[in-house]
Amino acid sequence: MPNTWGGRSQFEYSGSVETGTDIVYGKGWNVRVDAEDYVALRHHFLNRIVPVGTSRTDPPADSLGAWLIANVTITAIASYVAPILVLEGYAKRVDKHDICVIR
């Protein structure tokens, strides 16, 4: 199971960035991110260093978290989507801070 972006817990997912993912976290909560959502996300942040924005209530403007809330689900899922992007080679963690490069 992968760790969340902050590394304080783990989650599960099935599928892939290419086919869409079903993410299971917490006590059985789940959310779907469609392949089309990943395409749009990657296009929006292509070749940029951006904050991941894991805040559940106020992610920074122009962060992955803010984009996901505006375009995919009001549930804060950046803590899960960012590691998926890194694991599948679409993003790179730059340092310990909330930033990554979206490829």
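Just so you know, these numbers come straight off a predicted model, no measurement behind them.

**Student:** Explain helix 2 (residues 64-71) to me, using residue names and the numbers behind them.
**Tutor:** Residues of helix 2 that are buried include every one of Leu64, Gly65, Trp67 and Leu68, and no others. Taken down its axis, helix 2 places every buried residue within 165° of arc, on the same side. For helix 2, the secondary structure elements touched by its buried residues are helix 1 (35-45), strand 4 (48-51) and helix 3 (78-87).

**Student:** How would you explain the sheet that holds strand 4 if you had to name every residue and give the values?
**Tutor:** As summarised here, the arrangement of the three strands in space is 4-6-5, forming an open sheet in which the pairing is antiparallel. Looking along the sheet, the strands with just one partner apiece sit at the ends: strand 4 and strand 5 (91-93). In this sheet, adjacent strand axes meet at a mean angle of 30° when their direction is disregarded. For strand 4 and strand 6 (residues 99-102), the ladder comprises four bridges, and the chain directions are antiparallel. Bridge pairing in strand 6 places Ile49 opposite Val101.

**Student:** Give a description of the pairing of strand 2 (residues 20-25) that names residues and reports values.
**Tutor:** Across a regular strand the side chains alternate sides, sitting on one face of the sheet and then on the other. Of the pairings in the sheet, the one linking strand 1 (residues 12-16) to strand 2 comprises five bridges and is antiparallel in character. By the bridge assignment for strand 2, Ser16 is matched with Gly20. Across five bridges, strand 2 lies against strand 3 (residues 29-33) in antiparallel orientation. Looking at the pairing, Tyr25 lines up with Trp29 of strand 3. Following strand 2, the chain reverses through three residues before pairing antiparallel with strand 3; Gly26 in that reversal takes a positive phi of roughly 60°.

**Student:** Describe in detail the nonpolar core, supporting the description with residues and values.
**Tutor:** In terms of nonpolar packing, the biggest core is built from 26 residues, with Ile23, Leu41, Val81 and Leu85 touching the most fellow members. Going through the elements one at a time, strand 2, strand 3, helix 1, helix 2, helix 3 and strand 6 are the ones with two or more residues in this core. Ranked by the residues each element gives to this core, the list is headed by helix 3, at six residues.

What counts and how
- Sequence order sets the numbering: in each chain, residues are counted from 1 along the sequence as written.
- With the structure being a predicted model, the display of local features is reserved for residues of pLDDT at least 70 and the display and counting of side-chain atom pairs for 80 or more, all residues being used for whole-chain, interface and lining totals.
- The side-chain numbers reported here are obtained from all heavy atoms of the structure, hydrogens and water having been left aside.
- Each residue gets one of three labels from its accessible area relative to the maximum for its type: buried under 20%, exposed over 50%, partly exposed in between, using a 1.4 Å probe on protein chains only.
- Secondary structure elements are taken from DSSP: a helix is a run of H or I of four residues or more, a strand is a run of E of two residues or more, and numbering for both begins at the N terminus.
- What the arc describes is the spread of directions from the helix axis to the C-beta atoms.
- In what follows, a contact means two residues having at least one pair of non-hydrogen atoms within 4.5 Å.
- Any two strands with at least two DSSP-identified bridges between them are counted as paired.
- Only the contacting stretch of a helix is used when fitting its axis, a line to C-alpha atoms as for every element, and angles between N-to-C directions run 0 to 180 degrees.
- Take the buried Ala, Val, Leu, Ile, Met, Phe, Trp, Tyr and Cys residues and link them wherever side-chain atoms come within 4.5 Å; each set so joined is a nonpolar core.

None of this, on its own, says anything about what the molecule does.
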